[in-house]
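The chain contents come next:
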Amino acid sequence: MKSLIGAFVGAFCLAAPALAQTPAAIVEDVQGKVDGIAFMDYVAPGKIIKLGPKASITLSYLKSCERETISEGVVLVGTEQSTVQLGEVKREKVPCDTNAAKLSERQANQSAATTFRNVRSDAKSAPSKLPTLYGVAPLVQARSGSTLVIERTDGKEPTITVPLRNETMVGGKFYDFAKAGKSLTPGGSYLAILGTKRYAFQVDASATSSPTPIVGRLLRLE
């Protein structure tokens, strides 16, 4: 078995293109022996992951919203899904918005301006669609040491202010509203504020408090 895995890894290394290290997927779960990979790690295209006996990993792809649970074998991370040898993979499409998974400050400011214009206008036209989260408890990627403020822009709701400290963040870079017992309102539009930066987003009207895949509630602000 080891020789077969070695052969596949060698073939993967030859086949894997030299791609930029832009994250393709996030690790939602790790079970058993998986060297060099941890919960909530990002993985880039071309990354090779070797799973030991009875080991498994769950990857959620940021671009395709493909969620994979892979058991044993060798995994080659792609841009929208993995290639798996000597293992088993189960795939499912999950609700997610790639605009929420990676929201630049410029995009956010444009979205915010559009939101405020629509809120204040009597025009009958529908507002532009904001980046959408599919869970009421966002998982926010932001820099430790800053302060996160969440304000509702389409209704009255208490402002949420969160000092981002290492001890309250997963892996030192993610603040999990679910873990902190905080949540937003389904159908609400919000502004996330980090210092002078503003990021506009909305929560899907069908979002619930039930556990949802990480990629569907991920808001990457840094």
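Residues numbered from 1 in each chain as written. Predicted model: local features only at pLDDT ≥ 70, side-chain atom pairs only at ≥ 80, totals over all residues. Heavy atoms only, no water.

### Let's talk about the nonpolar core
Test applied: By nonpolar core we mean a set of buried residues, namely Ala, Val, Leu, Ile, Met, Phe, Trp, Tyr and Cys, connected to one another through side-chain atoms within 4.5 Å. Each residue's exposure class comes from its accessible area (1.4 Å probe, protein chains only) as a fraction of the maximum for that residue type: buried when under 20%, exposed when over 50%, partly exposed otherwise. Note on conventions: DSSP H or I runs of at least 4 residues are helices, E runs of at least 2 residues are strands, and numbering of each starts at the N terminus. The contact criterion used throughout is that any non-hydrogen atoms of two residues lie within 4.5 Å.
Counting 24 residues, the largest nonpolar core has Leu 148, Ile 150, Leu 164, Phe 177, Leu 184, Phe 201 and Leu 221 as its most contacted members. Counting residues per element, the ones that place at least two in this core are strand S9 (147-152), strand S10 (160-163), strand S12 (189-194) and strand S13 (197-203). Once residues within four sequence positions are removed from consideration, Phe 201 is found in contact with Leu 130, Pro 131, Leu 133, Ile 150, Leu 184, Gly 188, Ser 189, Tyr 190, Leu 191, Ala 192 and Leu 219. Membership of the second largest hydrophobic core comes to 16 residues, among which are Val 27, Leu 51, Leu 59 and Tyr 61.

### Focus: the sheet that holds strand S11 (residues 174-176)
Rules: A pair of strands counts as paired when DSSP detects no fewer than two bridges linking them. In this analysis an axis means a line fitted to C-alpha atoms, helices contributing only their contacting stretch, and an angle means the value between N-to-C directions, from 0 to 180 degrees.
Judged by pairing direction, the sheet is mixed, and its three strands sit side by side in the order S11-S8-S14 without closing on themselves. A strand with exactly one partner marks an edge of an open sheet, and here the two such strands are S11 and strand S14 (218-220). Each adjacent strand pair in this sheet contributes to an overall mean axis angle of 20°, direction not counted. In this sheet, S11 lies alongside strand S8 (residues 139-141) in antiparallel orientation, the contact comprising three bridges. Across the sheet, the residue bridging to Leu 139 is Asp 176, located in S11.

### Details of the sheet that holds strand S7 (residues 132-133)
A sheet is described by the order of its strands in space; here five strands give the open sequence S7-S13-S12-S9-S10, paired in mixed fashion. The outermost strands of the open sheet, each flanked by one partner alone, are S7 and S10.

### What to know about unusual backbone geometry
Although it is not a glycine, Cys 65 adopts a positive phi angle of roughly 60°. Judged by its relative accessible area of 10%, Cys 65 falls in the buried class. The phi torsion at Glu 72 lies on the positive side, around 60°, for a residue other than glycine.

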